[in-house]
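As a plain string of letters, each chain reads:
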Amino acid sequence: MSRTLILRSRKDRWSIKLNTRVLVVTGVLAVLLAVSSVLALTSGSHPTSVLEVLGTLTAPNQSELALIILEIRLPRILMAILVGAALGSAGMILQGLVRNPLASPDVIGITSGASAAAVLFLWLGGVTGTSLLLAPVAMGGAFVVALGITALAWQRGISPARLVLVGVGLAAGLTAVTTLLLVLSPDATAMNAYIWLTGSLYASQWHDVTALAPWLMVCWPLALIKLRHLDAQSMGEDMALGLGSALQGHRLLFLVLAVALAGSAVAYAGAVGFIGLIAPHMARRLVNSGHTGLLPIAALIGALILLYADWVGRVAFIPRDLPAGIFVAGIGAPFFVYLLYRLRRELG
Amino acid sequence: MLTTPPAKMLGTLLCLGLLLAATVSSLIFGHIPVSLAMLINSLTDYDPGSLEHLVIHSERFSRTVTSVVVGAGLAIAGALMQTLTRNPLASPGILGINAGAMFFVVVGATLFSLTSPSQLVWAAFIGAATAAVLVYFLGQEAGRGVSPVRTVLAGVAVTALFVSFAQGLLILNQDRFESILFWLAGSVSGRDLDAIAPLLPLFGGALILALLLSRQLNLLGLDDEVIRGLGLRVGQVRLLIGLVVIVLAGTSVAMAGLIGFVGLIVPHMARGLFGTDHRWLLPLSAIIGATLLLAADTLARLVIPPQEIPVGVMTALLGTPLFLHLARHVRKVS
């Protein structure tokens, strides 16, 4: 069913191997995402028809409806897509790097780093969570923690097993710090911080979209170019070295990519869990491909999960707007249990 | 390390002395300081009119007892799990057993309006058992048995699962924010002595069973075939130890919520001092665990008065460096 297309330049300067099944699945998921986004745009406390939405998107005007769709719903939906895609691809890269199907940005402490930094910031400033500085602070936290993990796990290079264990330990310590700050905060700040910790896209603005997008636009192409080295590593360290892959250098690069993707996503949407864990598995169930082919699929699946979770949180309990993170856990947890069962059968 | 029996006895006495000191300081330090004379006075001649006497009897006693029981329980559970899984990183906190118990307790408290610890403890047992079974099955790797890194990852993932469920419940029940945060953050305060008393017989039974199994535990460090050759029913012993762990961890969580790292670090301290013989290791783990939690709780009251730091946070801050040290030196396994 899946065929391989190979595109070559005239003198074999470059070549690209394309798997038809990857192309088809990517296309189907992209169409699904586009249709879902338009449908999500129609619903809210002020229902609109699909035609009205399409009309507003193609020919913007100054009406109240256009304001709701373009300034409130559209940025939020775009944020859900970008954040979900970033988390899905970060999880994919991490699982490939650590060669363990249970790794993800939240398990190895990257998310906890961002959370601790964000809660510290909210506590120090007593700010209400809308401050423009919150996102850069959280991203900084993610990078500092990733640096800490790498430094602590470094013994003549990074070993994936040590990386995971050190990440788990740091995550536990950082969670304690976060809890401490929450307990010390006044109730209102604590609740606010808690909603951030669960992951919410409430009140996403266009400037959030324009701040997040550049990160992803840098990380994704770089990942697509370099991911074949992860395929080499998955055959074992010796094989990767034999194929001419700079083992430690590439490990570091992939770690930085995963942190940048996950850190920027968490910075703008709060600590949404599970997407980084489950999206890569769903992608692997759909196609049997190397990491390069899996990246867009894992990203699209992550985007779909968060889009739907946020949609439910936004619409199902009007007038209350519940954090998307709850519903991601609601979708993610049952799948996770199924996944654990399957992994057990495959391995046992 | 102490090697000869007299040295070990002396070490044990020293640890008991420390436990006594920690107990006394847990009773006298706090927002309202009490002098030692006053403490003795309140024990021999209780005067309900005195504020200090009232504080000791109504608040500090229950708190001290909770710390001792929870500290000892978590430490023994950790020691048993480290032997059972042959994994130095195992503990009820890291492997998700506490989180499972905590989530079921939160569900019992919010959805079924259970309030007394003697009801909640059954929810905690179910949760602890669920998490233990999940992590046990997930930690296994094809052909190579149980892998430490894989088990830890499975434990962390299971913890993430239950904690995120509990957080979801927390946001849906904002009016019960305080009480759910209590379970999530872990605390030994605010438990009535009468409320925890019904849990003590169960707890004591599990403790005695663990001590009776010391000899079998000593053998579990050997290869499975050797153990069978020595005539030990490995499966039965493992199952019994698993049950003991679930009871100890479940009662601890039902009393005090999520308190991490006691179960991880105390067995390492006890092993460093008294060696790997479980006849020494288990009782000493209990003594050191109780001392550690008492000290952590007393410290948590004193750092930034009048506020208290949750004791779970204190133990996590103490335990993280040790975990990182162990993680760096665990043999490459996967």
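Here's what I pulled together on the structure shown here. (Residues numbered from 1 in each chain as written. Chains lettered and ligands numbered in written order. Predicted model: local features only at pLDDT ≥ 70, side-chain atom pairs only at ≥ 80, totals over all residues.)

Observations concerning the overall build of chain A
Along the backbone of chain A there are 14 helices and two strands. Relative to the globule expectation of 20 Å for 348 residues, the C-alpha radius of gyration of chain A, 21 Å, shows essentially globular dimensions. For chain A, the spread of C-alpha atoms along the three principal axes comes to 60 × 50 × 40 Å. Counting over 348 residues, chain A shows a buried share of 50%. When contacts within chain A are restricted to residue pairs at least 6 apart in sequence, long-range pairs at least 24 apart make up 73% of them. (Helix = DSSP H or I, 4+ residues; strand = E, 2+ residues; numbered from the N terminus. Rg over C-alpha atoms; globule rule 2.2 N^0.38 Å. Buried ≥ 20, exposed ≤ 12 C-beta atoms within 10 Å, placed from the backbone. Contact = placed C-beta atoms within 7 Å.)

What to know about the interface of chain B and chain A
Listed per partner, the contact involves 40 residues of chain B and 36 residues of chain A. Elements that contribute at least two residues to the side of chain B that touches chain A include exactly α5 (117–138), β1 (140–141), α6 (148–172), α7 (177–185) and α15 (311–329) of chain B. Sorting elements by how many residues they give to the side of chain B that touches chain A places α6(B) first, with 14 residues. For the side of chain B that touches chain A, the residue count by class is 28 nonpolar, nine polar and three charged. (Nonpolar A, V, L, I, M, F, W, Y, C, P; charged D, E, K, R; others polar.)

A look at helix α12 (residues 234–256) of chain B
Between its first and last C-alpha, α12(B) extends 33 Å over 23 residues, near the 33 Å set by a 1.5 Å rise per residue. Within two residues after α12(B), G257(B) carries a phi angle of roughly 75°, on the positive side. (Expected span 1.5 Å × (residues − 1).)

A closer look at the nonpolar core
If you look at the biggest cluster of nonpolar residues, it comprises 222 residues, and the most contacted ones within it are V83(A), A262(A), L306(A), I76(B), M102(B), V105(B) and A124(B). Take this core: its biggest share by element is 18 residues, from helix α3 (residues 64–98) of chain A. In this view, L306(A) contacts A80(A), V83(A), G84(A), V272(A), I275(A), A324(A) and V328(A); residues no more than four positions away in its chain are not counted. (Core = buried A, V, L, I, M, F, W, Y, C linked by C-beta atoms within 7 Å.)

With respect to helix α8 (residues 206–226) of chain A
Residue and element names in this part refer to chain A. Taking 1.5 Å of rise per residue, the 21 residues of α8 would be expected to cover 30 Å, and the 31 Å separating its terminal C-alpha atoms lies within 8% of that figure. Taken together, the buried positions of α8 are occupied by D208, L212, C219 and A223. On the buried face of α8, the contacting elements are α3, α11 (247–269) and α13 (291–315).

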